[in-house]
Amino acid sequence: MAGTDRLRQITEAVRSAGRVGVAELAALTGASEMTIRRDLEVLAAQGVLERYRGGARSLLLRGEEPPFALRAQEGLDAKRRIAAEVAGLIADGESVALDSGTTCLEVARALERRRLTVMPLSLHAVNALAGAPQLTLLVPGGRPRQGELALTGPLTQASLAALRFDTAVIGCCGLTAADGLTAYDLDDAAVKRAAIASSRRVIAVADGAKLTHTALAFVTAASGLDAVVTDETAPDEERDRLTAAGVAVRTT
């Protein structure tokens, strides 16, 4: 099992059970107990869990989002395919509001050499685009969320309200035809709504697992999206429901 997949499996096991022993995690993953102990140290440093002698206990509530550092390495190939597909939907000369999150960070990297005007809504993406040769970079005001570095608050919303974008690329924590696009964080949801309100076209990006999930904070109904770009793991039934709601679903 790849290291990032094993970390994810350990995280889910500890979060689900509340606490799990090293021996149990070794049996679950097929790794040695020494490897599991190293993995637990990594996850403890990221704030995912707390070590105790012989095991670990979760620091994440069931409704909370896993840390950015952990999500950034998860499903990276799929995120890059999604990013490449999104880049192909954006024409040179467009103005783009680019949301926060790990998939949107890959979109930023895919747009680095394009002739565009882009307002990233996270400092991770701002850093990724800071040296882009042809791109006009607009940096909003706001307060960065710890770890995520997503910009939130009234300054971010005012920056978005002052502009009109051709396209908004929006990440999410959950997306279904029934419940729409949702996020874990209320402030993040408010910024997403502001980006959508200021954009002519809205493209949502989501790996397949998010098309079976609903998070706490409502952002927009599925009908408020023009397109969704996802990967091949997205359930056929949910893709069909989104299509029936008038959303163009593209699968990489």
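Presented here is an overview of the structure given in this document. (Residues numbered from 1 in each chain as written. Predicted model: local features only at pLDDT ≥ 70, side-chain atom pairs only at ≥ 80, totals over all residues. Heavy atoms only, no water.)

On a plain count of helices and strands, the protein comes out with 10 helices and 15 strands. Over its C-alpha trace the protein gives a radius of gyration of 19 Å, about what one expects of a compact globule, namely 18 Å for 252 residues. When each of the 252 residues of the protein is scored for burial, the buried share is 52%. Sequence separation of at least 24 residues holds for 58% of the intrachain contacts in the protein that already meet a minimum separation of 6. A total of about 11200 Å² of accessible surface is found on the protein, and carbon and sulfur atoms cover 50% of it. Separation of charge centres in the protein, based on 29 positive and 31 negative side chains, amounts to 4 Å. (Helix = DSSP H or I, 4+ residues; strand = E, 2+ residues; numbered from the N terminus. Rg over C-alpha atoms; globule rule 2.2 N^0.38 Å. Buried < 20%, exposed > 50% of the residue type's maximum accessible area, 1.4 Å probe, protein only. Contact = heavy atoms within 4.5 Å. Areas by Shrake-Rupley, 256 points an atom, 1.4 Å probe, with all protein chains shown as cover. Lys, Arg positive; Asp, Glu negative; His and termini not counted. Charge placed at Lys NZ, Arg CZ, Asp CG, Glu CD.)

The strands that make up a sheet are held in pairs by hydrogen bonds between backbone atoms, and each pair lies either parallel or antiparallel. As summarised here, the arrangement of the seven strands in space is 6-5-4-9-12-14-15, forming an open sheet in which the pairing is parallel. Because the sheet does not close on itself, it has two edges, and the strands there are strand 6 (136-137) and strand 15 (248-251). Two elements, strand 12 (residues 199-205) and strand 14 (residues 227-230), share three bridges in a ladder whose sense is parallel. From the neighbouring strand, A204 faces strand 14, where its bridge partner is V228. (Pairing = 2+ DSSP bridges.)

Another point: the nonpolar core. Judged by nonpolar contacts, the single largest core of 31 residues is most densely connected at L160, I170, L175, L181 and L225. Elements supplying a minimum of two residues to this core: strand 9 (165-170), strand 11 (180-183), helix 9 (186-197), strand 12 and strand 13 (217-220). Take this core: its biggest share by element is five residues, from helix 9. Apart from the residues lying within four places of it in its own chain, the contact partners of I170 are D99, C104, L181, K192, A195, I196, V202, I203, A204 and V205. Listed in part, the 24 residues of the second largest apolar core include C104, L111, A132 and V229. (Core = buried A, V, L, I, M, F, W, Y, C linked by side-chain atoms within 4.5 Å.)

Pairing is antiparallel in the open sheet, where three strands are placed in the order 10-11-13. Across the chains shown, the open sheet's two edge strands, defined by having one partner strand only, are strand 10 (174-176) and strand 13. Going across the sheet, the axis of each strand differs from the next one's by a mean of 30°, ignoring polarity. (Axes fitted to C-alpha atoms, helices over the stretch in contact; angles between N-to-C directions.)

What follows deals with helix 1 (residues 3-17). The end-to-end C-alpha distance of helix 1, which contains 15 residues, comes to 21 Å, matching closely the 21 Å that a straight helix rising 1.5 Å per residue would cover. When we look at burial in helix 1, the residues that qualify are R6, L7, I10, T11, A13, V14 and R15. Just past helix 1, the residue G18 takes up positive phi, approximately 90°. (Expected span 1.5 Å × (residues − 1).)

With that settled, the discussion passes to unusual backbone geometry. Trans is the prevailing form of peptide bonds, just as negative phi is the prevailing case for residues other than glycine. For L149, which is not glycine, the phi dihedral falls at a positive 60°. Tracing the backbone shows L149 in the loop between strand 7 (143-144) and strand 8 (151-152).

Let us look at the pairing of strand 5 (residues 117-120). Note: strand 4 (residues 95-98) against strand 5, four bridges, orientation parallel. Each bridged residue has a counterpart across the sheet, and for S95 the counterpart in strand 5 is T117. Taken together, strand 4, helix 6 (residues 102-110) and strand 5 form a β-α-β motif whose crossover is right-handed. Here two bridges tie strand 5 to strand 6, and the two strands are oriented parallel to one another. If you follow T117 over to strand 6, its bridge partner there is T136. A crossover connection joins strand 5 to the parallel strand 6 through helix 7 (residues 123-129); in handedness this β-α-β unit is right-handed. (Right-handed = clockwise from strand over helix to strand, strands pointing away.)

Right, let's talk about the state of the cysteines for a bit. Tallied over the entire structure, the rule returns zero disulfides. The thiol of C172 is not disulfide-bonded; the next cysteine sulfur, from C173, is found 6.9 Å away. Judged by relative accessible area, which is 6%, C172 ranks as buried. (Disulfide = S-S within 2.5 Å.)

On to the packing of helix 1 against helix 3 (residues 33-45). With their axes 10 Å apart at the nearest point, helix 1 and helix 3 run at an angle of 75° to one another. Between helix 1 and helix 3, the crossing angle belongs to the class labelled roughly perpendicular. Contact residues: helix 1 offers R6, L7, I10 and T11, while helix 3 offers T35, I36, D39, L40, V42 and L43. By residue class, the composition of the contact of helix 1 with helix 3 is six nonpolar, two polar and two charged. (Parallel < 35°, antiparallel > 145°, perpendicular 65-115°, else oblique. Nonpolar A, V, L, I, M, F, W, Y, C, P; charged D, E, K, R; others polar.)

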